[in-house]
Amino acid sequence: IAENDIVGIFFSAPSWCGPCKMFEPQLAEVYKQCQKDGKSFEVIFVSADNSKGDFDKFFKGMPWLALPFEERDLATALEETYEVNGYPTLLLFNGNGTLLEKNGRGLVGTGAQDFPWGLL
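Since the model is a prediction, treat every value here as computed from it, not as a measurement.

Trainee: Residues and numbers for the pattern of salt bridges, please.
Mentor: Per the counting criterion, the structure on display carries 3 salt bridges. K52 is the salt-bridge partner of E70, the closest N and O atoms lying 3.9 Å from each other. One end of the pair, E70, is in the loop between β3 (65-66) and α3 (72-81); the other, K52, is in helix α2 (residues 52-59), with 18 residues separating them in the sequence. According to the relative accessible area criterion, E70 is exposed, its value standing at 52%. Linking K102 and E83 is a salt bridge whose minimum nitrogen-to-oxygen distance equals 3.6 Å. Of this pair, K102 sits in the loop between β5 (99-101) and α4 (104-108) while E83 sits in the loop between α3 and β4 (89-94); the two residues are 19 residues apart in sequence, bridging distant segments of the chain. You can call K102 partly exposed: its relative accessible area is 41%. Connected through shared salt-bridge partners, K52, D56 and E70 make up one network.

Conventions used here
Residues numbered from 1 in each chain as written. Predicted model: local features only at pLDDT ≥ 70, side-chain atom pairs only at ≥ 80, totals over all residues. Heavy atoms only, no water. Salt bridge = Lys/Arg side-chain N within 4 Å of Asp/Glu carboxyl O. Helix = DSSP H or I, 4+ residues; strand = E, 2+ residues; numbered from the N terminus. Buried < 20%, exposed > 50% of the residue type's maximum accessible area, 1.4 Å probe, protein only.

Now the structure itself:
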C-alpha cells in the first residue's frame, strides 16, 4: 500500500445503500483506468454490509482490495476515527497514511485523467 501515491479507503454498503450502488461503478471505472495507465492508485473497500454473504456477493465484482468482513472492530474504529457519517464515503490518503481529502467522491468524479486530483 505504501508504494502508492494515493490510497482510497472506500466505506460502502452496497447491499442496502442506493447511493453506494450508483457510486461503486464510477469508482471502479476510474480505478481500472488508473491501473491501465500505470497511475499509482489503490482502493481498500470497508464494508458496512449486514452479513458476510452480502459482503462476498458485492466484493467479488470489485477490482480492488478489501478489509476482511470479519474485521468489524477495525472497520468501526476506522469509521469513528475518520468521522464517517454516511455511505458511500471515499477518503484519500497518501502512501504514508496522511489523510489528504475527506470528499474523495467529488474528486474521483472528475475522472482518471485528473489523477492525482491536485492532492500531491
